[in-house]
Amino acid sequence: VCFLIISGQATYTRNFAWADEGTLWSDSIKKAPSSPRAAGYLGQWYQKIEQPQKAYYYFRFALQNSYLAPTPKKSQLAASQSLGLVHYESEEYKKAIPYFNQCINIEKNNRNCLTNRARSYLQLYLPQKALDDAEILVADYPTYLLAKYIAASASYRLGALAEAQRYMHEIIQQSLDKPKGLYLMGLILLKYKSYPNALFFLRQAVDQWPSNAEYQFSLAAAYYINNQLDAAEQTLRNIFNRYPLPVIETALQNFMPDAPSQESLIFTQKFLAKMLGDEM
């Protein structure tokens, strides 16, 4: 009877500890406080449930104790990548890059870290550095669509429209259901003054990602420079009526570097100023 009671209690305790990933790895780290593996998995759990500060703490712990792992370099690489992602997802792109650099120093041209470093460079408006990383990825992984998208985005920002369009054609041949790709193709076609085709891609991007206000700003700009003034004004009115001002402000800041023309940007700003004046 005592044996059955003790066995039942042990089973209950174990089941409680394994209730989910969080309790499982919390229990593991209590039993092995220096384990980089347990700390890394616990960090992933906190990242998954959107608690970046706790995730960062355990990833740092995993990195500091990576020398205790059976494969220290592999443990160090995983922790460096994870720390970079925490910063990236918190929009701290400058802080993310050193961790991605560390990861790439451990394993040359690591696909994930090279991708995330290139994405960070794009966010920091360093298109040449983003393009350098993306071209390495495209050479190593010829079917990697994300690398081609980064290369197209960087080429577009550098003014290399032919290169951007070449990458986008390769993407579109493989997939036409990615709103970011549709949006970028629309911007490229606007630069080429192919307005009907640009409108087609921008409408598709907005349809697939209707909550993205930046895309709708670009669609309004495309309507404006195609002399469809009513459609441009209605699109801007929809943005103003749908989103709170902080969202509109952020979307406008993101839209400004890629505005298809100075005139369309001025039109957008004047419209929003008018709407704000009417509201006040």
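See the structure above.
Residues numbered from 1 in each chain as written. Predicted model: local features only at pLDDT ≥ 70, side-chain atom pairs only at ≥ 80, totals over all residues. Heavy atoms only, no water.

Draft legend 1. Spatial organisation of the packing of helix α5 (residues 72-89) against helix α6 (residues 93-106). Following both chains from N to C, one finds α5 and α6 inclined at 160 degrees, their axes separated by 8 Å at the closest point. By the angle between their axes, α5 is roughly antiparallel relative to α6. Here the hand of the crossing between α5 and α6 comes out left-handed. Residues K73, Q76, L77, S80, Q81, L83, G84, L85, H87 and Y88 of α5 pack against Y93, K95, A96, Y99, F100, Q102, C103 and I106 of α6. Across the contact of α5 with α6, the residue classes tally to 10 nonpolar, six polar and two charged. (Axes fitted to C-alpha atoms, helices over the stretch in contact; angles between N-to-C directions. Helix = DSSP H or I, 4+ residues; strand = E, 2+ residues; numbered from the N terminus. Parallel < 35°, antiparallel > 145°, perpendicular 65-115°, else oblique. Left-handed = near helix turned anticlockwise from the far one by under 90°. Contact = heavy atoms within 4.5 Å. Nonpolar A, V, L, I, M, F, W, Y, C, P; charged D, E, K, R; others polar.)

Draft legend 2. The arrangement of the packing of helix α13 (residues 213-225) against helix α15 (residues 245-255) in detail. Between α13 and α15, the shortest axis-to-axis distance is 8 Å and the interhelical angle comes to 60 degrees. Taken together, α13 and α15 sit at an angle that is classed as oblique. Where α13 crosses over α15, the two elements pack in a sense that is right-handed. Facing α13, whose interface residues are A213, E214, F217, S218 and A221, α15 presents I248, A251, L252, N254 and F255.

Draft legend 3. Up close: helix α14 (residues 229-242). Counted at 1.5 Å a residue, the expected span for α14 with its 14 residues is 20 Å, and the 20 Å between its end C-alpha atoms agrees. Here α14 has its buried residues at A232, T235, L236, I239 and F240. Take α14 and look down its axis: the buried residues cluster within an arc of 135 degrees, on one side only. Opposite the buried face of α14, at more than 90 degrees from it, the exposed residues are D230, N241 and R242. (Expected span 1.5 Å × (residues − 1). Buried < 20%, exposed > 50% of the residue type's maximum accessible area, 1.4 Å probe, protein only. Arc of directions from axis to C-beta.)

Draft legend 4. Quick peek at the environment of S82. Secondary-structure assignment places S82 in helix α5. Note: C-alpha distance between S82 and A55 (27 residues apart in sequence) is 8.8 Å. S82 has contacts with Q47 and F59, leaving out every residue within four places of it along the chain.

Draft legend 5. Seen up close, the packing of aromatic side chains. Under the definition given, this model contains seven aromatic pairs. Ring centres 6.3 Å apart and planes at 80 degrees place the aromatic pair Y141 and Y144 in the edge-to-face group. Ring geometry for F217 versus F255: centroids 5.7 Å apart, planes at 25 degrees, classification stacked. Of this pair, F217 sits in helix α13 while F255 sits in helix α15, placing them 38 residues apart in sequence. The two residues F217 and F255 agree in class, both being buried. Members of the aromatic cluster, connected to one another through ring pairs, are Y183, W209 and Y215. Note that R111 overlies the ring of Y141, its terminal NZ or CZ placed 5.1 Å from the centroid. Above the plane of the ring of Y167 lies R166, whose end atom (NZ or CZ) is 4.5 Å from the centre. (Phe/Tyr/Trp six-rings, centres within 6.5 Å; stacked < 30°, edge-to-face > 60°. Lys NZ or Arg CZ within 6 Å of the ring centre and 35° of its normal.)

Remember that the coordinates give geometry; whether it matters functionally is a separate question.
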